[in-house]
Amino acid sequence: MAKKEKILKENEQVESNHREVSQSDFPPSFVFGVATSAYQIEGACKEGGRGASIWDAFSHTEGKILDGSNGDIAVDHYHRYKEDIELIAKLGFTAYRFSISWSRIFPDGLGTKVNEEGITFYNNIIDALLEKGIQPYVTLYHWDLPLHLHESMGGWVNKEIVKYFGIYADTCFASFGDRVKKWITINEPMQTAVNGYDIGIFAPGRCQQSSTEPYLAAHHQILAHATAFSIYRSKYKDKQGGQVGLSVDCEWAEANSDRIEDKSAAARRVDFQLGWYLHPIYYGDYPEVMRKKLGDQLPEFTQEDKDLLRNTLDFIGLNHYTSRFIAHEVNSLVEGNYYQAQEMERIVEFEDGEIIGEKAASEWLYVVPWGIRKALNYIAQTYNNPIIYVTENGMDDEEDDTSPLHEMLDDKMRVKYYKRYLAAVSQAIKDGADVRGYFAWSLLDNFEWAQGYTKRFGLIYVDYKNGLTRHPKSSAYWFLRFLKGSEGKKGKEE
Ligand code: BGC
């Protein structure tokens, strides 16, 4: 059967337009939330005793950010958090995933002196959320390493960082854990390893030692996760009763054909994304195919490391946006040691030339709802049916300062994206995956890393030219109806 027919057949329910997704497609306790991260929204980079992070230095380096911008002010969430939390509540979300800026807690990262103003800021956020009945899901590390840790010791490539991350995590558990019951240690360690230490398009912008540094950065993030988990388990779990997970990212890899080479290239691609982080935790070591392809570029886990890693996930966070067809390709032209080692090509077209899904604004983001169902089922099958939260899912529009505001707010494509991706998540649950919650990325338009403010992922539009005012988009109103239970009844079409 041709590739296209096969995919369509497999995904009839997801692709069908006859029925709209509704809350009743999910278990009653399913959590719907919205997500952000500190550097992308907070701003106030020199206020409240905050120390510099690697993203401050990187964004201020010429040529690194597409529009020459930075997160100095971002969308000023630091001063407007009350208004933003009010919006989350009005839209009907009952969970909010945000990250703590490490350098607001320990300005130099070293863990010697806690910055009380930083603690107060996050206390205020947590309290404001709980007052509105919104559960905080807190990420400890969303890419903004204290700059001093990078400059003084090389950041993630130095094993010492594991100790400092442990001290930071311990401080957060002690300060906020009476109210925070869901923790995510690290967000997308792969992006830090590959974009930060191999290709260099993210902070700290390293690309000088591509054959070793990405793998060291990954290795130490895995150990940092396990260290934080074990601190929680031994010191806080009994008292606080929370759960600790890790958010990994995966672009689903569908074999480009039934040829055995393409099938194993697709399997390899998933191992290089999810397996890189999850295999050590579940099976004590990196996936065999990574060890074979990378040889001694991959650091080794000692027996002590392996003991530390065992059983250190209460749940898996999956960040998922898009999918690709994967073909075997030895002389792949893709940049970076990590991509070349995978010996594969990422393809966006079916055999008839039609693209895999509608393209969003970012060059990497195609709308492929069936991919999330496959990624969730893969995790369920490969890692013993763990508890999963979709900790990010969403799409972006291009910044456009010529169109009138009302046009920018009518984000029909995003509404369609969420409907179809949510339908696919509900299918995965029916297939047997233990998915407990879903977080839309993102609450607000924000600083989209190397793309600056040129891409808008928000449910809420931020008017950069008019005082950073917030305006809910159609997708925000769609969620409001969905969450109040008035969406999706009787096959209603948008
Ligand atoms: C990151 C977010 C980012 C989003 C869209 C994820 O990889 O966790 O910080 O904004 O993708 O690129």
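Values in this document were obtained by computation on a predicted structure and should not be read as measured data.

This brings us to the UniProt feature "active site" (unreviewed entry) in the protein. When the UniProt feature table is mapped onto this chain, "active site" (unreviewed entry) is found at Glu-188 and Glu-392. Spanning 205 residues, the named residues nonetheless gather at one spot, since no C-alpha pair among them exceeds 10.4 Å. Structurally, Glu-188 can be placed in the loop between strand 4 (182–187) and helix 10 (189–197). Not counting the four nearest positions on each side in its chain, Glu-188 is found in contact with Trp-143, Ser-247, Asp-249, Asn-319, Tyr-321 and Glu-392. Tracing the backbone shows Glu-392 in strand 10 (residues 387–392). Accessibility expressed as a relative area gives 3% for Glu-392, which makes it buried. In contact with Glu-392, not counting residues within four places along its chain, are Arg-97, His-142, Asn-187, Glu-188, Leu-318, Asn-319, His-320, Tyr-321, Phe-439 and Trp-441. For Glu-392, the side chain forms a polar contact with the side chain of Asn-319, separated by 3.1 Å.

We now examine the sheet that holds strand 4. If you walk around this closed barrel you meet the eight strands as 1-2-3-4-5-7-10-12, and the pairing is parallel. On average, each strand axis in the sheet is tilted by 25° relative to the strand beside it, whichever way the strands run. Relative to strand 2 (residues 95–99), strand 1 (residues 31–35) is paired through three bridges, and the arrangement is parallel. Each residue of the ladder has a partner; that of Val-34, found in strand 2, is Tyr-96.

The next point concerns the site of the ligand. The full set close to the ligand counts 13 residues, and Gln-40, His-142, Glu-188, Glu-448 and Trp-449 are the nearest of them. At a separation of 3.4 Å, an oxygen atom of the ligand approaches a polar side-chain atom of Tyr-321. At 3.2 Å from an oxygen atom of the ligand is found a side-chain nitrogen or oxygen belonging to Trp-441. Notes on the ligand: free accessible area 310 Å², of which the protein chains cover 93%. Grouping the constituent residues of the shell around the ligand by class yields six nonpolar, four polar and three charged.

In terms of burial, strand 10 is a largely internal element, five of the six residues being buried. Looking at chain direction, strand 7 (residues 315–319) and strand 10 are connected through four bridges and run parallel. When the sheet's bridge partners are listed, Gly-317 is paired in strand 10 with Tyr-389. Relative to strand 12 (residues 434–441), strand 10 is paired through four bridges, and the arrangement is parallel. For Tyr-389, the partnering residue across the bridge sits in strand 12 and is Gly-437.

Attention now goes to helix 10. Burial analysis of helix 10 places nine of its nine residues in the buried class, the great majority of the element. Taken as a whole, helix 10 has its buried residues at Pro-189, Met-190, Gln-191, Thr-192, Ala-193, Val-194, Asn-195, Gly-196 and Tyr-197.

Residue placement: Glu-20 occurs in the loop between helix 2 (12–15) and strand 1. Of note is the side chain of Glu-20, whose polar atom sits 3.0 Å from the side chain of Lys-419.

Quick look at the pattern of salt bridges now. Per the counting criterion, the structure on display carries 36 salt bridges. Notably, a salt bridge pairs Arg-414 with Asp-411, separated by 2.8 Å at the nearest N-O pair. The pair formed by Arg-414 and Asp-411 is uniform in burial state, with each residue classed as buried. Across the salt bridge formed by Asp-445 and Arg-456, the nearest N and O atoms sit 2.5 Å from each other.

In summary, soluble globular proteins display a tendency toward joint burial of nonpolar side chains. Within the largest apolar cluster, 167 residues are counted, with the highest numbers of intra-cluster contacts made by Trp-55, Trp-102, Trp-156, Trp-276 and Phe-479. In terms of residue count, helix 11 (residues 213–240) provides more of this core than any other element does, 12 residues in total.

Moving on: the UniProt feature "binding site: substrate" (unreviewed entry) in the protein. UniProt marks Gln-40, His-142, Asn-187, Tyr-321, Trp-441, Glu-448 and Trp-449 with the feature "binding site: substrate" (unreviewed entry), using the numbering shown here. The exposure class of His-142 is buried, given its relative accessible area of 2%. Apart from the residues within four sequence positions on either side, His-142 is in contact with Ser-37, Gln-40, Arg-97, Ser-99, Asn-187, Glu-392, Trp-441 and Trp-449. Within the secondary structure layout, Tyr-321 lies in the loop between strand 7 and strand 8 (323–328). Judged by its relative accessible area of 9%, Tyr-321 falls in the buried class. Other than its neighbours up to four places away in sequence, Tyr-321 contacts Glu-188, Trp-364, Leu-365, Tyr-366, Glu-392, Asn-393, Gly-394, Tyr-417, Tyr-421, Trp-441 and Phe-457.

Reading the values: rules and limits
Residues numbered from 1 in each chain as written. Predicted model: local features only at pLDDT ≥ 70, side-chain atom pairs only at ≥ 80, totals over all residues. Heavy atoms only, no water. UniProt positions renumbered as here; feature names shortened; annotations may be inferred. Helix = DSSP H or I, 4+ residues; strand = E, 2+ residues; numbered from the N terminus. Contact = heavy atoms within 4.5 Å. Buried < 20%, exposed > 50% of the residue type's maximum accessible area, 1.4 Å probe, protein only. Polar contact = N/O pair within 3.5 Å; in protein donor to acceptor, adjacent residues only side chain to side chain. Pairing = 2+ DSSP bridges. Axes fitted to C-alpha atoms, helices over the stretch in contact; angles between N-to-C directions. Near = heavy atom within 4 Å. Areas by Shrake-Rupley, 256 points an atom, 1.4 Å probe, with all protein chains shown as cover. Nonpolar A, V, L, I, M, F, W, Y, C, P; charged D, E, K, R; others polar. Salt bridge = Lys/Arg side-chain N within 4 Å of Asp/Glu carboxyl O. Core = buried A, V, L, I, M, F, W, Y, C linked by side-chain atoms within 4.5 Å.

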